[in-house]
Every structure is written in structure tokens, then in C-alpha cells.
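Per-entry structural report
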Amino acid sequence: LVAFILISLLFKRFKMLSAVTAIVSMAISFILSLDILRLVLTNHEITMNNPIEIAVPWIDINGLFIEAGALIDPLTAGMLFVVTFISLLVTIYSVGYMHDDPGFSRFFSYLGLFVFSMLGLVIANNYFQMFFFWELVGLCSYLLIGFYYYKNSAADANKKAFITNRVADFGFMLGIIILFVNFDTFNFGKLAEAINASS
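Residues numbered from 1 in each chain as written. Predicted model: local features only at pLDDT ≥ 70, side-chain atom pairs only at ≥ 80, totals over all residues. Heavy atoms only, no water.

1. As for the overall build of the chain
Helix and strand counts for the chain stand at 7 helices and 2 strands. Secondary structure elements of the chain, listed N to C terminal, follow the sequence α-α-β-β-α-α-α-α-α. Each of the three principal axes of the chain carries a C-alpha extent, and together these read 60 × 40 × 25 Å. Out of the 199 residues in the chain, the part that is buried amounts to 34%. Looking at the chain alone, contacts between residues at least 24 apart form 63% of all its contacts between residues at least 6 apart. (Helix = DSSP H or I, 4+ residues; strand = E, 2+ residues; numbered from the N terminus. Buried < 20%, exposed > 50% of the residue type's maximum accessible area, 1.4 Å probe, protein only. Contact = heavy atoms within 4.5 Å.)

In C-alpha cells form, the structure reads like this:
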């Protein structure tokens, strides 16, 4: 997210600075993911049923309480490693691949936002937050698929992806609304407890 903001607002005219900013941010994310993976692998108390969870209030309006949080378990740790490792490789490769492209800096800003969105999706501790980051991933896909927006092929592919995703998103949104109406929470752990208690 920091890379996206810096490149979009400050470094857009400086190609190599944009690339370095993106690579450094991906490298830091990768190093942090390695530390989280180490923590999970060396601490046998952290399991799928006993994750580390940190949350703060996000929305609290007329009985609707939604938190923003992070949930770390073995699956999350593995996915953080995969996402940051692949993203770092893609970012490094893109320096050469995009070298002469006029949208060089714009591409790296989109890539930064895309990775931020995927990481937010991976660490989400509730369905509402997961849906929020899923929509951000969809926005980034829209921006990257239509990167060459002046080409008809890219514009057509962009529209097709956007419409297809909106149909799927409706089903996702409907599902989490049904869960909330029945169990009064979006939190993964609380939902699991409520569902087990009701069955």
C-alpha cells in the first residue's frame, strides 16, 4: 500500500525509483512473511483451531458491529509466504519486461495495490473484511487487465472480467449476509462456534 501511494503521488515520473520502491516493499513483505512462517512452525500452540488473532473495532452502527483484524494460522502463514515470494519475483521480472513501456510507473503502482489487496484477503479474520479485500483484488484485476486501455482487445477483456466478477461477487455478498442474519457475526472463529452450537 505504501508503494502504491508513493509511486502514484511522488515517483510517477521517475521510472527506476518507482521500480526500486516496488521491489523494496515486496522484499520487506517477503521477509516479514518468512518471520511469520518461522513463528508458526516453531510454535506448536498455533494451529488451525488455535490461531493468533488481533482485531480492532471498524464499524459500530445501530447494532452492526464489524471489526478489522488479522488472523494467523498455519494456512495463513503458508499463503503469506507464497503470495509475497511470487510477487517479489514478478516485480523483479517486470523491471525488464516493462522497461520501454510508457506506463512503467503506473504498472508498478497497480502491482503494489494488487499485492496489498491479496495480503489483506489472506490475513482477514472475518467475512466482511475478506469481501472488502476481494473487491480490491477485483479492482486491481480490472486495472491490470485493462492496462492498455487504448487497445480494443484490452478494453473488451476488461469489461468481460468486470461483469463476470460482479456476478460472482453478488453470490459471495449474499452468502455473508445470510450468515450474519443467522449468526449475528462475520468473525470466522465466532461463526464456527455458533454453527457448531446450533448443529
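2. Let's talk about unusual backbone geometry
The phi angle at Asp184 is positive, at roughly 60°, despite the residue not being glycine. With respect to the helices, strands and loops of the structure, Asp184 is situated in the loop between helix H6 (152-183) and helix H7 (188-198).

3. A closer look at the packing of aromatic side chains
Geometrically, a pair of aromatic rings is defined through the distance of the ring centres and the angle of the planes. Tallied over the entire structure, the rule returns 21 aromatic pairs. The interplanar angle of 85° and the centroid separation of 5.6 Å between the aromatic rings of Phe107 and Phe108 together place this pair among those described as edge-to-face. When sorted by exposure, Phe107 lands in the same class as Phe108, which is buried. Plain terms: the ring middles of Tyr110 and Phe147 are 6.2 Å apart, the flat faces sit at 90° to each other, and that makes the pair edge-to-face. With Tyr110 in helix H4 (residues 104-123) and Phe147 in the loop between helix H5 (127-145) and H6, the pair connects residues that are 37 residues apart, well separated along the chain. Just as Tyr110 is buried, Phe147 falls in that class too. Site record: aromatic cluster; members linked through ring pairs are Phe104, Phe107, Phe108, Tyr110, Phe147, Tyr148, Tyr149 and Tyr150. If you follow Lys15 out to its NZ or CZ, it ends over the ring of Phe104, 5.1 Å from the centre. Above the plane of the ring of Phe162 lies Arg166, whose end atom (NZ or CZ) is 4.7 Å from the centre. (Phe/Tyr/Trp six-rings, centres within 6.5 Å; stacked < 30°, edge-to-face > 60°. Lys NZ or Arg CZ within 6 Å of the ring centre and 35° of its normal.)

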